[in-house]
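Analysis of the macromolecular model
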Amino acid sequence: MTVAVARLPVVLFLLAASCGAPAAAPVRGPEPGAVRAEATALLESLEKSFYSHWGSVESTPEVARLRDDHVPVLRDIADSNGEHALMALRVLMRRAPRELFTPAAKAIIYWTAFQRDDRFNRWGIISTSGFVPGVYGHELLALGPSVAPYLQRSLRDTRRAPVAGVEEERTSRIQGDRVCDYAWIFLATMFDRPLAYNPDSRHRDPQIRELDLWLDRRR
């Protein structure tokens, strides 16, 4: 009897503990599909507003809204070299600098974006007084020879390279600036080759072909 009485408080305590509130359910984060959709929407917004922030993505409200779980998604978008790959790369370089990219990886991403673009202001403006590199143009030139094999392919791309701006658009249209002209300027600048930009493309083409041959011999 003494033993039973001594254990009664313990038994009551255990029964009370078993009747307590149920354990809280674990907090679940956003679904992976939702995280990717958020990251993609942020990149799309940065693309649309480029000419307001001019590539200074670190100062934008979109980048301020990025979370840590967006970083792997941005990395995947950059590595896939699809749409928005360059913007994802540039955001990662500022938001998550630990995400490293080789010069070869950067080269193919920049060149692919260059080839896809339909407005070339961010690559540069070809004026009557010379070439003024844009934000992307400066970064492309900084890559140096790693991007040269890709730009050499663009020497054969005679598509028009339109720009925005009243005077800029007018000058570009009169000169007939093309993708190959931009590639020629970038390569000639990288390798310190002769560059005399004539408003008539018929006088530019022999110089472009000469640079193309020089690059072949350089390999």
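Bear in mind that the values here come from a model prediction, so they are computed numbers and not experimental data.

A few points about the overall build of the chain
Each helix and strand in the chain was counted, giving twelve helices and two strands. Ordered by position from N to C terminus, the α and β elements of the chain give α-α-α-α-α-α-α-β-β-α-α-α-α-α. Counting only residues that meet the buried cut, the chain has 41% of its 219 residues in that class. Sequence separation of 24 or more characterises 63% of the internal contacts of the chain that already satisfy a separation of 6 or more. Of the accessible surface of the chain, which amounts to about 12600 Å², a share of 59% is contributed by carbon and sulfur atoms.

Thoughts on the packing of helix α5 (residues 71-80) against helix α6 (residues 85-95)
At their nearest, the axes of α5 and α6 sit 8 Å apart, and the two run at 135 degrees to each other. Regarding the angle of α5 to α6, the classification is oblique. The crossing of α5 and α6 is left-handed. Across the interface between the two elements, Val-71, Leu-74, Arg-75, Ile-77 and Ala-78 from α5 touch Ala-85, Ala-88, Leu-89, Val-91, Leu-92 and Arg-95 from α6. For the contact of α5 with α6, the per-class residue count stands at nine nonpolar, no polar and two charged.

Observations regarding helix α11 (residues 179-190)
Between its first and last C-alpha, α11 extends 17 Å over twelve residues, near the 16 Å set by a 1.5 Å rise per residue. A large share of α11 lies buried, amounting to ten of its twelve residues. Considered for burial, the residues of α11 that qualify are Val-179, Cys-180, Asp-181, Tyr-182, Ala-183, Trp-184, Ile-185, Phe-186, Leu-187 and Ala-188. Buried residues along α11 sit in contact with α7 (103-116), β1 (124-127), β2 (130-133), α8 (135-143), α9 (148-154) and α12 (201-218). Two residues or fewer past α11, Asp-192 is found with a positive phi of approximately 55 degrees.

So, how was this worked out
Throughout this description, residue numbers start from 1 for each chain and increase along the sequence as written. Local features in this predicted model are restricted to residues whose pLDDT is 70 or higher, and side-chain atom pairs enter the listing and the counts only when it is 80 or higher, whereas totals over whole chains, interfaces and linings include all residues. With hydrogens and water excluded, all non-hydrogen atoms of the structure serve as input to the side-chain values. Comment: elements are numbered from the N terminus, with helices defined as DSSP H or I runs of at least four residues and strands as E runs of at least two. Burial classification: accessible surface area is computed with a 1.4 Å probe over protein chains only, and a residue below 20% of its type maximum counts as buried, one above 50% as exposed, and the rest as partly exposed. The contact criterion used throughout is that any non-hydrogen atoms of two residues lie within 4.5 Å. Using the Shrake-Rupley algorithm and a 1.4 Å probe, accessible areas are obtained, with residue cover drawn only from the displayed protein chains. Axis geometry follows a simple rule: fit a line to the C-alpha atoms, using only the stretch in contact for helices, then measure angles between N-to-C directions, giving values from 0 to 180 degrees. In what follows, roughly perpendicular refers to angles from 65 to 115 degrees, roughly parallel to angles under 35, roughly antiparallel to angles over 145, and oblique to any angle outside these ranges. Should the near helix be turned counterclockwise from the far one by less than a right angle, the crossing is left-handed, whereas a clockwise turn marks it as right-handed. Classification used: nonpolar for Ala, Val, Leu, Ile, Met, Phe, Trp, Tyr, Cys and Pro, charged for Asp, Glu, Lys and Arg, polar for all others including Gly. One fewer than the residue count of a helix, multiplied by 1.5 Å, yields its expected span.

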